[in-house]
Amino acid sequence: MAEVLAVNRRGDEPGSNIDPRTVHEMLQADPTALRVVDVRTRQEVDATSIAGATNVPLDEFEEHIGELRASGSLLVLLCESGNRARLAAQILERHDVDRYRILNGGMRGWVKAGLPHQGGRRVLPIMRQVQLAAGLLVLTGLGLGVFVDHWFYLISALAGGGLTVAGLTGYCGMALLLARMPWNRVARPAAAAGPVANGV
């Protein structure tokens, strides 16, 4: 309870992280006190999510700044581990929205803390799909480079370069591309019509 009060005292101090258990306690005490914004892909959210969270995928995040700014609640940004939430925070800062926190450890931290969550359709997580795709590209480039033409080594180089950029920036183009693949598409329920889906 002391930590909840400390968060309230800090007020609008931007950029702070917040512990999953604190978020859970605040939601239990007053569900309108904050708004959990999940910036993961819909496929990830469909696999495991926090009840009542709002899903705004990172690649659509900037389109919904107006709605997020209009929210009177404290925004709690959530992704799988924290990287995409930090990118979303940068977008908020660019638009002068500073009433937010980043959930420590992301969804992994929430699950690890034993807090309630819901799950549905099971599909290989996006980041594991990225690892598989990148690994196959590297092996394909190496194989073709050895047996066909040395120019095919560029495929391996591009895959390695892409992973390096993703590691340095937290932005993974391959993940965004894979999220749009048919097997990762999640039909949105009719109740979620409108620009932002609530209650994922």
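To be clear, the structure that these remarks concern was listed above.
What this report covers is the structure whose coordinates are included nearby. (Residues numbered from 1 in each chain as written. Predicted model: local features only at pLDDT ≥ 70, side-chain atom pairs only at ≥ 80, totals over all residues. Heavy atoms only, no water.)

1. Regarding the environment of serine 156
- One can find serine 156 in helix α8 (residues 153-169).
- With 16 residues separating them in the primary sequence, serine 156 and threonine 140 have C-alpha atoms 7.5 Å apart. (Helix = DSSP H or I, 4+ residues; strand = E, 2+ residues; numbered from the N terminus.)

2. Describing the sheet that holds strand β2 (residues 34-38)
- Reading across the sheet, the five strands line up as β1-β6-β5-β2-β4 and stay open at both edges, with parallel pairing between neighbours. Lying at the two open borders of the sheet, with one neighbouring strand each, are β1 (17-18) and β4 (54-55).
- Across the sheet, helix α2 (residues 20-29) lies against β1, β2, β5 (74-78) and β6 (100-103), angled at about 130° from β2, the strand it touches most. (Pairing = 2+ DSSP bridges. Contact = heavy atoms within 4.5 Å. Axes fitted to C-alpha atoms, helices over the stretch in contact; angles between N-to-C directions.)

3. Considerations on unusual backbone geometry
- Backbone geometry at aspartate 96 places phi at a positive 60°, although glycine is not the residue there.
- Note that aspartate 96 resides in the loop between α5 (83-94) and β6.
- Look at aspartate 96 and you get exposed, because its relative accessible area is 66%. (Buried < 20%, exposed > 50% of the residue type's maximum accessible area, 1.4 Å probe, protein only.)

4. A few points about helix α7 (residues 126-147)
- Between its first and last C-alpha atoms α7 spans 31 Å; for 22 residues at 1.5 Å apiece the expected length is 32 Å, and the two agree.
- Turning to α7, its buried residues are Ile126, Gln129, Val130, Ala134, Gly141 and Gly145. Mapping the buried residues of α7 onto a view down its axis gives an arc of 130°, with all of them on the same face. Projecting away from the buried face of α7 at angles above 90 degrees are the exposed residues Gln131, Leu136, Leu139, Val146 and Phe147.
- Elements that come into contact with the buried residues of α7 comprise α3 (42-47), α8 and α9 (173-179). (Expected span 1.5 Å × (residues − 1). Arc of directions from axis to C-beta.)

5. Some remarks on the packing of α7 against α8
- Between α7 and α8, the least distance of the axes is 6 Å, while the angle of their chain directions is 155°. Comparing their axes, α8 and α7 come out roughly antiparallel. Here the hand of the crossing between α7 and α8 comes out left-handed. For the pair α7 and α8, contact is made by Val130, Ala134, Leu137, Val138, Gly141, Leu142, Leu144, Gly145 and Val146 and by Tyr153, Ile155, Ser156, Ala159 and Leu163, respectively.
- Looking at the contact of α7 with α8 residue by residue, the classes come out as eleven nonpolar, three polar and no charged. (Parallel < 35°, antiparallel > 145°, perpendicular 65-115°, else oblique. Left-handed = near helix turned anticlockwise from the far one by under 90°. Nonpolar A, V, L, I, M, F, W, Y, C, P; charged D, E, K, R; others polar.)

6. Thoughts on the pairing of β5
- Most of β5 is tucked away, with five of its five residues classed as buried.
- Burial of β5 is two-sided: the residues Leu74, Val76 and Leu78 facing one way and the residues Leu75 and Leu77 facing the other way are all buried.
- Sheet analysis places β2 next to β5, joined by five bridges and oriented parallel. Looking across to β5, one finds that arginine 35 is bridged to leucine 75.
- Relative to β6, β5 runs parallel, the two being bridged by three bridges. Bridge pairing links leucine 75 to tyrosine 100 in β6.

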